[in-house]
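Structural overview
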Amino acid sequence: GGSLRDDFDRAEKLFSAIQSGEISGGSQEYQNAVNDAIRLFEQCEVLVRRLSIFSSNEILDDIHTTDLRYLLTPAYLAELHSLRCTTSQSRLQSLRTSLSYYQTFFSTLEQHEIPPFAPITSDASPSSAEYKWFQVVQQTLQTGEDSTANMSAAERRNMKVEQHKKEKELKLIMKDLEQRWSAMQDSEDGKRTSTTMEVDETTLRDMVLTSIRLLVHQALTNVPILVAERELLKKAPPRRSHENAKADDSATLSQRRSQMPTSGPLLDHSGKILRPFTLSTRSAIQQKVFGYSHNLPTMSVEEYLELEMQRGNILSGGGNVPDTSERVRNAEDRAETGDDTALEDERRREVDWDEFKDWNPKGVGNRYNKG
């Protein structure tokens, strides 16, 4: 690696490219840029500790302007770790690392007595709402639980709207400072006096303080979201790999099939399957493709009648069906025994019935007063 300044400059350029959307967020190039930026900032973090650039008893006024920007390293690392897209377990570790860096960033500001909402201009004074939200997020990082859940929905919504407005204001201030810095560097043309150097340092210090305040606002927005995602992943069941899941399912299915009977009834009285079965074989399906479009008979008529006979569905026995009524047969029996008037009585009865039907055709009964 190079010097601390060179590594930090390269890391900041990568971070700006990631934040500005120059690299597509869903591409592998984006993840490579995130990992490269993390690696460079981690190298800067190691160099800052090795060179003992900051002392624990230093406050904001004691820190040199060129060194002040290295205090942003934990905030950059927290933001970058939250952008890493990996598996659920690795993602959980990335969220924990990101929240840890945010806590380090807040502790660093408190240690060096740097106000998180230090006013840069007269119209950018901190509000009580900002400090209240900052305390809530600090409590979230210390306890590991989302303290914003204790606030009402309306209060959280107002806080988020206020955060968004402040962040837009800070970005405009930052853009103005960068333009002033660029114009000053172009107008000097290599001629630097004590006055211009003092102006340069003041502008650079304002830029770093504005960056601190902007990163604080981004942290206040990100921390509740990261905590909620972390809790969700902690409750999620562990995911199995595709190969292991397929092997486990196959083993379970084979074990269940070996324990089930191969003969006997297919279903019980409640409809539960008692043994394995096959709906259709591949050969049977192939035969249907080139078969008839209708069902062919499976037996002859004689075979069907025989089968129905065996089932008891055909009645058998009895004699010829009589073609005379009971009354005619009784008359014949009486004639055979010597009663000569029996047949004449029966004939007379039939003649009377025929006459009655002639005078009373069918349907002349009650017509319900219809004539």
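Just so you know, the residues in each chain are numbered from 1, in the order the chain's sequence is written. Residues qualify for local features only when their pLDDT is at least 70, as the model is predicted, and side-chain atom pairs are given and counted only at 80 or more; totals for whole chains, interfaces and linings, by contrast, use all residues. As a convention, hydrogens and water are excluded, and side-chain values are obtained from all of the structure's heavy atoms.

**Digging into the environment of Pro-115**
In plain terms, the rule: Helix and strand labels come from DSSP, where a helix needs a run of H or I of at least four residues and a strand needs a run of E of at least two; each type is numbered from the N terminus.
Looking at the element boundaries, Pro-115 is found in the loop between α5 (88–111) and α6 (128–143). Each C-alpha atom, one on Pro-115 and one on Leu-60, is 9.0 Å from the other, the two residues being 55 residues apart in sequence.

**Examining the packing of aromatic side chains**
For any pair of aromatic rings, the description rests on two quantities: the centre-to-centre distance and the angle between the ring planes. Our working rule: Pairing of aromatic side chains requires ring centres within 6.5 Å, counting the rings of Phe and Tyr and the six-membered ring of Trp. Pairs whose planes differ by under 30 degrees are stacked, by over 60 edge-to-face, and all others tilted. Exposed residues in this analysis have more than 50% of their type's maximum accessible area, buried residues have under 20%, and partly exposed residues fall in between, with area computed by a 1.4 Å probe over protein chains only.
Inspection of every chain in the model, using the stated rule, returns seven aromatic pairs. An angle of 80 degrees between the planes, with centres 5.6 Å apart, marks the rings of Phe-8 and Phe-41 as edge-to-face. Of this pair, Phe-8 sits in helix α1 (residues 4–20) while Phe-41 sits in helix α2 (residues 28–51), placing them 33 residues apart in sequence. We classify Phe-8 as buried; its relative accessible area is 0%. Classification of Phe-41 as buried rests on a relative accessible area of 0%. For the ring pair Phe-8 and Tyr-70, a centre distance of 5.1 Å and an interplane angle of 85 degrees mean the geometry is edge-to-face. With Phe-8 in helix α1 and Tyr-70 in the loop between α3 (65–68) and α4 (73–81), this residue pair connects regions lying 62 residues apart in the sequence. Classification of Tyr-70 by relative accessible area gives buried; the value is 8%. Here the aromatic cluster, defined as three or more aromatic residues joined through ring pairs, consists of Phe-8, Phe-15, Phe-41, Tyr-70 and Tyr-76.

**Let's talk about unusual backbone geometry**
When glycine is set aside, most residues are seen to have a negative phi, and most peptide bonds are trans. Despite not being glycine, Ser-52 shows a phi value in the positive range, around 50 degrees. Mapped onto the fold, Ser-52 is located in the loop between α2 and α3. Notably, Glu-113 is not glycine yet its phi reads approximately 55 degrees, a positive angle. Inspection of the secondary structure puts Glu-113 in the loop between α5 and α6.

**Looking at the packing of α1 against α2**
Which entries qualify depends on this criterion: Under this scheme, a helix contributes an axis fitted over its contacting stretch, all axes are lines through C-alpha atoms, and angles between N-to-C directions fall in the 0 to 180 degree range. Here is the rule for angles: anything less than 35 degrees is roughly parallel, anything more than 145 is roughly antiparallel, 65 through 115 is roughly perpendicular, and the remaining ranges are oblique. Should the near helix be turned counterclockwise from the far one by less than a right angle, the crossing is left-handed, whereas a clockwise turn marks it as right-handed. When checking whether two residues touch, look at their non-hydrogen atoms; a contact exists if any pair is within 4.5 Å. Charged means Asp, Glu, Lys or Arg here, nonpolar means Ala, Val, Leu, Ile, Met, Phe, Trp, Tyr, Cys or Pro, and polar covers whatever is left, Gly included.
Interhelical geometry of α1 versus α2 gives an angle of 150 degrees and a closest axis separation of 9 Å. Relative to α2, the element α1 lies roughly antiparallel. α1 and α2 meet at a crossing whose hand is left-handed. Residues Leu-4, Asp-7, Phe-8, Arg-10, Ala-11, Glu-12, Leu-14, Phe-15 and Ile-18 of α1 touch α2, and the partners they reach there are Tyr-30, Ala-33, Val-34, Asp-36, Ala-37, Leu-40, Phe-41, Gln-43, Cys-44, Leu-47, Val-48 and Leu-51. Broken down by class, the residue content of the contact of α1 with α2 amounts to 16 nonpolar, one polar and four charged.

**A few points about a nonpolar patch on the surface**
To keep it simple, the criterion reads: Here the term patch refers to residues with relative accessible area over 30% and no salt bridge, with like charges joined within 9 Å and nonpolar side chains (Val, Leu, Ile, Met, Phe, Trp, Tyr) within 5 Å. The Shrake-Rupley method, run with a 1.4 Å probe, gives the accessible areas here. Residue values count only the displayed protein chains as cover. Within this document, salt bridges are pairs made up of a side-chain nitrogen of Lys or Arg and a carboxyl oxygen of Asp or Glu, the two lying within 4 Å of each other.
On the surface, Met-299, Val-301, Tyr-304, Leu-305, Met-309 and Ile-314 cluster together into a nonpolar patch covering about 550 Å² of accessible area. In this structure, Val-301 sits in helix α11 (residues 301–311).

**Structural notes on the environment of Asn-32**
Relative to the elements of secondary structure, Asn-32 occurs in helix α2. For Asn-32, a relative accessible area of 37% gives the class partly exposed. Along the primary structure Asn-32 and Arg-84 are separated by 52 residues, whereas in three dimensions their C-alpha atoms are 9.6 Å apart.

**With respect to the pattern of salt bridges**
Two side chains with opposite charge may pair up if their charged atoms get near one another. A complete count under the given rule lists 13 salt bridges for this structure. We note a salt bridge from Arg-91 to Glu-229, for which the minimum N-O separation is 2.9 Å. You can see Arg-91 sitting in helix α5 and its partner Glu-229 sitting in helix α8 (residues 194–235), a full 138 residues away along the chain. Look at Glu-229 and you get partly exposed, because its relative accessible area is 26%. Connected through shared salt-bridge partners, Asp-9, Glu-12 and Arg-69 make up one network.

**So, the packing of α1 against α4**
Remark: α1 packs on α4, axes separated minimally by 12 Å, with the N-to-C direction vectors making an angle of 40 degrees. When the interaxial angle is binned, α1 and α4 end up oblique. Between α1 and α4 lies a crossing of left-handed hand. Contacts between α1 and α4 pair Phe-8, Glu-12, Phe-15, Ile-18 and Gln-19 from the former with Thr-73, Tyr-76, Glu-79 and Leu-80 from the latter. Looking at the contact of α1 with α4 residue by residue, the class counts come to five nonpolar, two polar and two charged.

**Considerations on the nonpolar core**
Definition in use: We define the nonpolar core as a collection of buried residues of types Ala, Val, Leu, Ile, Met, Phe, Trp, Tyr and Cys that are connected through side-chain atoms lying within 4.5 Å of one another.
Counting 56 residues, the largest nonpolar core has Phe-106, Ile-212 and Val-216 as the members making the most contacts within it. Taken together, the elements giving at least two residues each to this core come down to α1, α2, α4, α5, α6 and α8. Aside from chain neighbours lying at most four places away, what touches Phe-106 is Phe-134, Val-137, Gln-138, Leu-141, Val-216, Ala-219 and Leu-220.

All we've got here are geometric facts, nothing functional implied.
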